[in-house]
Amino acid sequence: GGSCEVKSYAPHTETSADALAERLLSAKSVVVVPGYGLAVAKAQYAVAEIASKLRARGVKAQFAIHPVAGRMPGQLNVLLAE
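Since this is a predicted model, take the numbers as computed values, not measurements. (Residues numbered from 1 in each chain as written. Predicted model: local features only at pLDDT ≥ 70, side-chain atom pairs only at ≥ 80, totals over all residues. Heavy atoms only, no water.)

Undergrad: Looking at this structure, I do not really get the overall build of the protein chain. What am I missing?
TA: Per the secondary structure count, the protein chain includes 4 helices and 2 strands. Counting from the amino terminus, helix and strand elements in the protein chain follow one another as α-β-α-α-β-α. Across the 82 residues that make up the protein chain, the buried fraction comes to 16%. For the protein chain, restricting intrachain contacts to residue pairs at least 6 apart in sequence, the fraction spanning at least 24 positions comes to 69%. For the protein chain, the accessible area works out to roughly 6,800 Å², and carbon and sulfur atoms hold 56% of it. (Helix = DSSP H or I, 4+ residues; strand = E, 2+ residues; numbered from the N terminus. Buried < 20%, exposed > 50% of the residue type's maximum accessible area, 1.4 Å probe, protein only. Contact = heavy atoms within 4.5 Å. Areas by Shrake-Rupley, 256 points an atom, 1.4 Å probe, with all protein chains shown as cover.)

Undergrad: I tried to follow unusual backbone geometry on my own but got confused; where do I start?
TA: Across the chain, the bulk of peptide bonds are trans and the bulk of non-glycine residues have phi less than zero. Of note in the backbone geometry, K42 takes a positive phi value of approximately 55 degrees without being a glycine. Looking at the element boundaries, K42 is found in the loop between α2 (36–41) and α3 (44–56).

Undergrad: Would you mind showing me how to read the pattern of salt bridges here?
TA: Two side chains bearing opposite charge may form a pair once their charged atoms approach each other closely. Throughout the structure, instances matching the rule amount to 1 salt bridge. Two residues, K53 and E49, come together in a salt bridge whose shortest N-O distance is 3.2 Å. With K53 and E49 both in helix α3, this residue pair falls 4 residues apart, about one helical turn. (Salt bridge = Lys/Arg side-chain N within 4 Å of Asp/Glu carboxyl O.)

Undergrad: How should I be thinking about the environment of V32 in this particular structure?
TA: Assignment of secondary structure puts V32 in strand β1 (residues 29–32). Residue class for V32 comes out partly exposed when judged on its relative accessible area of 23%. In the structure, V32 is positioned 15 residues away from V47 in sequence and 8.6 Å away in space, judged by C-alpha atoms. Those residues in contact with V32, other than ones at most four positions away along the chain, are V47, Q62, F63 and A64.

Undergrad: Please explain α3 as it appears in this structure.
TA: In an α-helix, one full turn covers 3.6 residues, which means residues spaced three or four apart are oriented alike. Helix length check: α3 (13 residues) gives 18 Å between terminal C-alpha atoms against 18 Å at 1.5 Å per residue, within 8%. When α3 is considered as a whole, its buried residues turn out to be Q44, V47, A51 and L54. All buried residues of α3 fall inside an arc of 90 degrees around its axis, so they share one side. Summarising the geometry of α3, the exposed residues directed more than 90 degrees from the buried face are Y45, K53 and A56. Among the residues trailing α3, G58 stands out with phi positive, at a value near 90 degrees. (Expected span 1.5 Å × (residues − 1). Arc of directions from axis to C-beta.)

Take a look at the structure:
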């Protein structure tokens, strides 16, 4: 048998889709910082729909771009424009 290496990760909080939905709906303000995974998954339309539904319920939903996000310059700007 081989040896099993145990990796140490930074502290994090695991959640579920249902728990996240509850937290989003109970929030006063939500900031979405999309990353490369959103682009790969082509999830910009789903995220835009979530933001629209949150706004309709009175939640202040905004988007932000991390200064070093994306693998191509302007990539996330294009996604957010869609």
